[in-house]
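Structural features, examined
Chain by chain, the residues run as shown.
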Amino acid sequence: MTDYEKIAELLYPNIKKTVNDYINMYPARKLPDGAEVTRLAPSPTGYLHIGQLFQCLVNKRIADQSKGVFYVRLEDTDQKREVAGAGPIMAEMINYFAPYTEGFHDYNKQNGDYGSYIQSERQAIYLCFAKDLVSRGLAYPCFCSSDDDDDESCDYREEQKKLGVPTGYYGKWAKCRNLTYEEVKANIDAGKKYTIRIKANGNGTEKMVHKDLLRGSIVFPKNFVDYVLIKSTGLALYHMAHVVDDTLMHTSTVIRGEEWLSSVPLHYQLFEYFGLKAPKYLHTNLLMTTDANTGNTRKISKRYDPWADCRWFIEQGFPKEAIIEYVLNLANSAFEPWRTANPNADINEYILKTGNMGKSGAMFDMVKLVDVSKNVIAKMKAPEIYSRVLLWAKKYDITLAYLLERDKEYAISIFAMDRDNKPRPRKDTAKWSEIKEFYSYMWDDLYLSKERNYDFEEETKLKDIKELLERYILVYSASDDNQTWFNKVKETASLCGYCTDMKEYKLNPEKYKGSIRTASTIIRVAITGIRETPDLCEIMKILGEKVVHARIVETILAIEEFIKNGIE
RNA sequence: GGCCCCGUGGUCAAGAGGUUAAGACAUCGCCCUUUCACGGCGGAAUCGGGAGUUCAAUUCUCCCCGGGGUCACCA
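Figured I'd write up the structure that's included with this text. (Residues numbered from 1 in each chain as written. Chains lettered and ligands numbered in written order. Predicted model: local features only at pLDDT ≥ 70, side-chain atom pairs only at ≥ 80, totals over all residues. Heavy atoms only, no water.)

A word on the pairing of strand S7 (residues 207-212)
Where burial is concerned, the two faces of S7 differ: the one with Met 208, His 210 and Asp 212 is buried and the one with Lys 207, Val 209 and Lys 211 is not. Two elements, S7 and strand S8 (residues 216-221), share six bridges in a ladder whose sense is antiparallel. Counterpart to Met 208 in the pairing with S8 is Phe 220. Joining the antiparallel neighbours S7 and S8 is a turn of three residues. (Buried < 20%, exposed > 50% of the residue type's maximum accessible area, 1.4 Å probe, protein only. Helix = DSSP H or I, 4+ residues; strand = E, 2+ residues; numbered from the N terminus. Pairing = 2+ DSSP bridges.)

Here it is in structure tokens:
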């Protein structure tokens, strides 16, 4: 037995399995040629971040389009940062946007043959791999930390900064690197806690090449820092878990954010030490935003940007297709031309090519999302909008939900306005939360409960409004078709001195009180309170004779009141 | 500061030695129109800077500058 083997036994007498045992336990997946196995590995520290969704969608697409597998693994090795209950909620969100079968769903619900998909349950595996490294002298126990906290008590970092050399545990600062069996044993016997560190073989000048699926060849100095692999608690760090898990779970391509690029040398070293083949890597760009206060570009943060949390978009009522489309568009610029060419194709038919993904940080543009969302909603028919809005409203707006359910047909007819019967549908709704306010005049419950604030045009005189409405109410009939309806509006307008021909009006505006636009606006405002609405004739038909009548009369009365008070 | 990534209009970006430097969103103007939205037409707006290589550089090389990431017993 070598000293290394003796140390390994001393540290982990109960680990009997070998690395090979585990490797044999999880044989390669049976998948068609070219199938990619990808994963999302969130840590349960909060809720799904929009940047994670970005990673998630790319991973999912790459797997699906190659007939491979996309799975979810919970990286919960950091108990300190863990937020209770966050894991299952994250899984639910991932599943909402990118349905998956294999992996973690809940602490008592996992699917797949390569589990556990919860890292805290994999401790024995990591320790086995660590023991293997220790027994071969490629890793070693380090006692440099103080007993009760995770702060390295060695103050070598300050010294290194002063010296202007890279910070880290290496070289002469790596005091535990060459401890003998006897020294290790003495420390252990003294009850000292220890971490396991990799014994790096780079010297800071030796180079290595990483071939990234997106970024091409990148030259790094070979890793020369003895990073911690196993914490003093016995739990693994990301680097160790990544190498072990992605090997055992047979991940073919690791797609992760650019923030991981700088740890690639460490990961390669680990694979090399284990004699394992590293997966393919793709390091994506990062999602950014402009800081409202400083004007600087920065990473999207949960602290400052409420929309960093994916739930925000759902609460706002953005359809998930819109969110997916926009994020995919950010990930891959070829998406938008594809969507233009295939407006009705299922999003799962899109083939995402890794070569033309963006390399530089992408600004998250809410305005563009809104546009994408409007287009997505514009493709929906009224019944679909109805069920979508209802589903949303049940959770976020019970008043709306009540109105929708009270009279389903009525609600659908509202959503059908300027939409189902038009070649080019309206594009004015981006999210469900806008619906209630936008169509508030369509429900008396909402309309009557609000303070009336007639939005007539400034220059229109009250007495003229009154006159027009009084005349119009006499000819109005709920049974009129669109043409008849408009003819009546024109006749009334003409009688009151408005010009019904826009060209004529533009030539001689002084001859008239206003144009047919002015007259129409008066009726529109009398009925809806506002100047901008879908087709007025349709609105009046849906509202019905009684309501239209009541609203016009109410308006006339209100105007009389204004006039009485000397307002013109 | 060391190492690494990135740099085309306000935003996402196509272009890979020779182009009037695409397209989408936003913005401005006009048209259509009973309002708004839609739609149509048009405008303004971009190759970070400097050296090289070349007959020719947005495109290749180098330097600089700028932005970002990372240097934890976090992921």
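Resuming the write-up.
Considerations on the sheet that holds strand S9 (residues 228-230)
Sheet architecture is open: three strands sit in the order S5-S6-S9, paired in antiparallel fashion. Either end of the sheet is taken by a strand with one partner, and the two such strands are strand S5 (139-142) and S9. The average undirected angle you get between the axes of adjacent strands in this sheet is 45°. Direction of pairing for strand S6 (residues 195-198) relative to S9: antiparallel, over a ladder of two bridges. Residue pairing for S9: Arg 197 is matched across the bridge by Val 228. (Axes fitted to C-alpha atoms, helices over the stretch in contact; angles between N-to-C directions.)

Re the environment of Thr 167
Take Thr 167: it is sitting in the loop between helix H6 (156-163) and helix H7 (181-189). Along the backbone, Thr 167 and Arg 157 are ten residues apart, and their C-alpha atoms lie at a distance of 5.6 Å. If we skip the residues at most four places from it in the chain, Thr 167 touches Arg 157, Gln 160, Lys 161 and Val 225. (Contact = heavy atoms within 4.5 Å.)

As for helix H14 (residues 382-396)
Helix length check: H14, at 15 residues, gives a terminal C-alpha distance of 20 Å against a target of 21 Å (1.5 Å per residue), a fit within 8%. Buried residues of H14: Ala 382, Ile 385, Tyr 386, Val 389, Leu 390, Trp 392 and Ala 393, and no others. Packed against the buried residues of H14 are helix H10 (310-316), helix H13 (366-378), helix H15 (398-406), helix H16 (408-416) and helix H17 (435-438). (Expected span 1.5 Å × (residues − 1).)

Quick notes on the side chain of Thr 429
Assignment of secondary structure puts Thr 429 in the loop between H16 and H17. Separated by 3.4 Å, the side chains of Thr 429 and Asp 428 make a polar contact. For Thr 429, the contacting residues outside a window of four places in its chain are Ser 373, Lys 374, Ile 377, Arg 419, Glu 434 and Ile 435. (Polar contact = N/O pair within 3.5 Å; in protein donor to acceptor, adjacent residues only side chain to side chain.)

Re helix H5 (residues 123-135)
For H5, which comprises 13 residues, the first-to-last C-alpha distance of 18 Å matches the rise-based estimate of 18 Å (1.5 Å per residue) to within 8%. Of the residues making up H5, those classed as buried are Ile 125, Tyr 126, Leu 127, Cys 128, Phe 129, Ala 130, Lys 131, Leu 133, Val 134 and Ser 135. Among the residues trailing H5, Gly 137 stands out with phi positive, at a value near 75°.

Some words on the packing of aromatic side chains
In this description, an aromatic ring pair is defined by two values, namely the gap between the centres and the angle between the planes. Going through the model one piece at a time under the given rule, you end up with 28 aromatic pairs. Seen in terms of ring centroids, Tyr 472 and Tyr 476 are 6.1 Å apart; in terms of plane orientation they differ by 40°. Their pairing is tilted. Take Tyr 472 and Tyr 476: they sit in the same class, and that class is buried. Among the aromatic residues, ring-to-ring pairing joins Trp 307, Trp 312, Phe 313, Phe 318, Tyr 326 and Phe 364 into one connected group. Directly above the ring of Tyr 47 sits Arg 311, whose terminal nitrogen or CZ lies 3.6 Å from the centroid. A cation sits over an aromatic face here: Arg 551 above Tyr 447, 3.8 Å from the ring centre. (Phe/Tyr/Trp six-rings, centres within 6.5 Å; stacked < 30°, edge-to-face > 60°. Lys NZ or Arg CZ within 6 Å of the ring centre and 35° of its normal.)

Some details on the pairing of strand S11 (residues 280-284)
S11 sits mainly inside the fold: four of its five residues count as buried. Regarding the hand of the β-α-β motif, the stretch spanning strand S10 (residues 253-257), helix H9 (residues 264-274) and S11 is right-handed. (Right-handed = clockwise from strand over helix to strand, strands pointing away.)

Brief notes about the sheet that holds strand S12 (residues 287-290)
Taken in spatial order, the three strands of this open sheet run S13-S12-S14, and their pairing is mixed. Each of the sheet's edge strands pairs with one partner strand only, and the pair in question is strand S13 (297-299) and strand S14 (362-363). Where S12 meets S13, three bridges bridge the pair, whose relative direction is antiparallel. Residue pairing across strands places Thr 290 opposite Thr 297, the latter belonging to S13.

Regarding the environment of Glu 272
Relative to the assigned elements, Glu 272 resides in helix H9. By relative accessible area, which is 45% here, Glu 272 ends up partly exposed. Every residue in contact with Glu 272, bar those within four places of it in the chain, is listed here: Asn 201 and Lys 222.

Examining the pattern of salt bridges
A complete count under the given rule lists 43 salt bridges for this structure. The salt bridge involving Arg 81 is made with Asp 78; its shortest N-O contact spans 3.3 Å. Its relative accessible area of 52% is what places Arg 81 among the exposed residues. In this structure, Lys 368 and Glu 336 form a salt bridge, with 2.7 Å as the shortest nitrogen-oxygen distance. (Salt bridge = Lys/Arg side-chain N within 4 Å of Asp/Glu carboxyl O.)

Structural notes on the side chain of Thr 247
Within the secondary structure, Thr 247 sits in helix H8 (residues 238-248). Other than its neighbours up to four places away in sequence, Thr 247 contacts His 242, Phe 271 and Leu 276.

Digging into unusual backbone geometry
Here the amide bond leading from Gly 115 into Ser 116 is cis, since omega sits at 5°, within 30 degrees of zero. Looking at the element boundaries, Ser 116 is found in the loop between strand S4 (109-111) and H5. With phi around 60°, Lys 67 is a residue other than glycine that occupies positive phi space. Note on placement: Lys 67 falls in the loop between helix H3 (50-65) and strand S2 (69-72). Exposure remark for Lys 67: the relative accessible area of 62% places this residue in the exposed category. Within the chain, Asp 418 stands out as a residue other than glycine whose phi angle is a positive 55°. Asp 418 gets classed as buried once you look at its relative accessible area, which sits at 10%.

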